[in-house]
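# Examination of the molecular architecture
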Amino acid sequence: MKTFRDYKIEERRNYITLSTGEYYPDILADACRLYTPVIEIFSEILHRSESSTALFINISAIPNQWMRVQLCRVFRKYASPETPVEMLKKNTKARSICKEFGEGFRPINVIQEKFDSRPSPDEALCAVLWEYKDRGKKGYDLTEKFFDLIQIKFPNMLIWGPRRSGADIQAISLWEDYANMSRPLDFVISSHDKKKIYAVGLARYDGDRGGSQEDDRTGGYKNCSDEILTYVHSHGLKTKVIFLNDGPGLLLGSMWEDYSKIEERYPEDVKVITLRMVEERLTESWLKGEQRWLPEFRPKKI
C-alpha cells in the first residue's frame, strides 16, 4: 500500500480536492445587499458616539449576535486594526477591552471623517466583509464529505464528531484516565456501540499555507500523534491516528514532505490522507489493528 510519500510530485495534484471559490467583482452585488445594512447601522452608532470607546461600547450592546460581530469587524477596520477580532466579539468584556486597548483606538472625529468620505454603498468594505462570510466553510465541507465516505465504505463502523461546526470531541471523553484534559479531536471511528475506538483524528483544509503557519500545523500534528500513541500503546490499545488534510496548500512549500515524516514516525499507526486517498489507503484491517503493528513505542526521529 502506498505511503503518503509514495505519491510522486507530478501526480499529487490529482489527489487534492479543490474547493470552488467566487469571482470578483461578481460578488459585489450580493455583498452590498448583505452588508450595506451593517454599514448603515455602524454609521448611526458612529455619529451618536462621543468617543471611540463609546462607539465600541454601543456596538457591544447590540443584541443580535450576527449584526454585532459584523459591526465589530467594521470597527476593527476603522478604529483598531491591532485588536484581535475574536476579542472584539466578546461583548461581555467590552469595558475591559476598552481599558486595555482603548488608548490605541483611532480618535472618533478621524473615524467619522474617514467614514463620511466613503461612497454609499461602500463596495470595498462590503467586499472585505464578504471574505469573512464563508471562513471555515471549506473545512466544514471537508469533514462532511469524509463522514459520508467513511459511512459508505465501512457500514459496520461508526464515525462521529462535529460534521460541520460544533464542539470538538475531547480525548478524555473517550479515555477517562487520559492525562491531557484538553486534547481536541475532530472525529472518532468506532464500533457502533462506541466501545471499541478504532481511530481518532483531525481534519484541516489547507487553502494556502507557509512559513510559521506551516511549522505550527506539522508541529501540532507531531505532538498530537506522540501524545495519543503514548497513551494507546501504554494501555495495550490499537487505536490509530488519522490526519485528514486537503487543499492546494499541501502542494506548497514543504507541507507534503513534513506530513510524510509525521506518517513515517509511526508507519503502522498513523495515516495522513486526502479525501481522494480514502478508497485506496484506508482499510478495515488497518483500522481494526489486524495488520501487524509494533507493540513497543519507538517513534522515528524527524
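Keep in mind that this is a model prediction, so the values were computed, not measured.

### Here's the deal with the overall build of the protein
Regarding its fold elements, the protein presents 14 helices and seven strands. In the protein, which comprises 302 residues, the share counted as buried stands at 46%. Of the contacts made within the protein by residues no fewer than 6 positions apart, 69% connect residues no fewer than 24 positions apart. Accessible area for the protein stands at about 15900 Å²; split by element, carbon and sulfur atoms hold 51% of it.

### Details of the pattern of salt bridges
Taken as a whole and assessed by the stated rule, the structure comprises 18 salt bridges. Close ionic contact of R5 with E257 constitutes a salt bridge, the shortest N to O distance being 2.6 Å. With a gap of 252 residues between them, R5 in the segment before α1 (9–12) and E257 in helix α12 (residues 255–265) connect regions that are remote in the sequence. The salt bridge partner of R204 is D186, with a shortest N-O separation of 2.5 Å. In this pair, R204 sits in strand β5 (residues 197–205) while D186 sits in the loop between β3 (184–185) and β4 (187–190), placing the two residues 18 residues apart along the sequence. With relative accessibility at 10%, the residue D186 sits in the buried group. Through salt bridges with shared partners, a single network forms among R5, E257, K261 and E264.

### A few points about unusual backbone geometry
The omega torsion of the bond from Y24 to P25 falls at 5 degrees, within 30 degrees of zero and hence cis. Within the secondary structure layout, P25 lies in the loop between α1 and α2 (28–46). Between S120 and P121 the backbone carries a cis peptide bond, its omega angle lying at 0 degrees. Mapped onto the elements of the fold, P121 is located in the loop between α7 (108–116) and α8 (123–133). The backbone phi angle of K194 is positive, close to 65 degrees, even though this residue is not glycine. Counting through the fold element by element, K194 comes out in the loop between β4 and β5. By relative accessible area, K194 is classed as partly exposed at 42%.

### Let's talk about the sheet that holds strand β7 (residues 270–273)
The strand order across the open sheet built from five strands is β1-β4-β5-β6-β7, with neighbouring strands paired in mixed fashion. Since the sheet does not close on itself, it has two edges, and those belong to β1 (158–160) and β7, each with one partner. Between one strand axis and the next, the sheet turns through 20 degrees on average, direction left out of account. In the sheet, β1 pairs with β4 via three bridges, with the strands oriented antiparallel. Paired with W160 across the bridge in β4 is V188. Contacting β6 (240–246) and β7, α12 crosses the sheet at an angle of about 155 degrees to β7.

### Regarding the environment of D148
Structurally, D148 is set in helix α9 (residues 137–153). Sequence spacing of D148 and R163 is 15 residues, and the spatial spacing of their C-alpha atoms is 9.5 Å.

### Brief notes about the packing of aromatic side chains
Per the stated rule, a full pass over the model turns up 16 aromatic pairs. Relative to W256, the ring of F4 has its centre 4.3 Å away and its plane inclined at 15 degrees; by these criteria the two rings are stacked. A residue pair is termed long-range when its members are at least 10 positions apart, and F4 in the segment before α1 and W256 in helix α12 qualify at 252 residues. Classification of F4 as buried rests on a relative accessible area of 0%. With a relative accessible area of 3%, W256 lands in the buried category.

### Quick word on the nonpolar core
Core analysis: the biggest nonpolar cluster contains 53 residues, and F146, W175 and I189 have the highest contact counts within it. Ranked by residues supplied to this core, first place goes to β5 with seven residues. Beyond its immediate sequence surroundings of up to four residues, W175 is in contact with I197, V200, I228, Y231, V232, L237 and T239. Counting residues in each nonpolar core, the second largest holds 34 residues, with I27, I111, F115 and W130 among its members.

### Some points on the packing of helix α3 (residues 52–60) against helix α6 (residues 94–101)
With their axes 10 Å apart at the nearest point, α3 and α6 run at an angle of 155 degrees to one another. The pairing of α3 with α6 is recorded here as roughly antiparallel in orientation. Handedness of the crossing formed by α3 with α6: right-handed. On α6, the residues that touch T53, F56, I57 and S60 of α3 are A94, R95, I97 and C98.

### Some details on the pairing of β6
For β6, a buried count of seven out of seven residues is recorded, marking the element as mostly surrounded by other parts of the structure. Burial of the side chains of β6 extends over both faces: K240, I242, L244 and D246 are buried on one face and V241, F243 and N245 on the other. Strand direction decides the pairing type here: β5 and β6, joined by seven bridges, are parallel. When the sheet's bridge partners are listed, L202 is paired in β6 with F243. With four bridges connecting them, β6 and β7 associate as parallel partners. Note on β7: the bridge partner recorded for F243 is V272.

Calculation notes
- Residues numbered from 1 in each chain as written.
- Predicted model: local features only at pLDDT ≥ 70, side-chain atom pairs only at ≥ 80, totals over all residues.
- Heavy atoms only, no water.
- Helix = DSSP H or I, 4+ residues; strand = E, 2+ residues; numbered from the N terminus.
- Buried < 20%, exposed > 50% of the residue type's maximum accessible area, 1.4 Å probe, protein only.
- Contact = heavy atoms within 4.5 Å.
- Areas by Shrake-Rupley, 256 points an atom, 1.4 Å probe, with all protein chains shown as cover.
- Salt bridge = Lys/Arg side-chain N within 4 Å of Asp/Glu carboxyl O.
- Pairing = 2+ DSSP bridges.
- Axes fitted to C-alpha atoms, helices over the stretch in contact; angles between N-to-C directions.
- Phe/Tyr/Trp six-rings, centres within 6.5 Å; stacked < 30°, edge-to-face > 60°.
- Core = buried A, V, L, I, M, F, W, Y, C linked by side-chain atoms within 4.5 Å.
- Parallel < 35°, antiparallel > 145°, perpendicular 65-115°, else oblique.
- Left-handed = near helix turned anticlockwise from the far one by under 90°.

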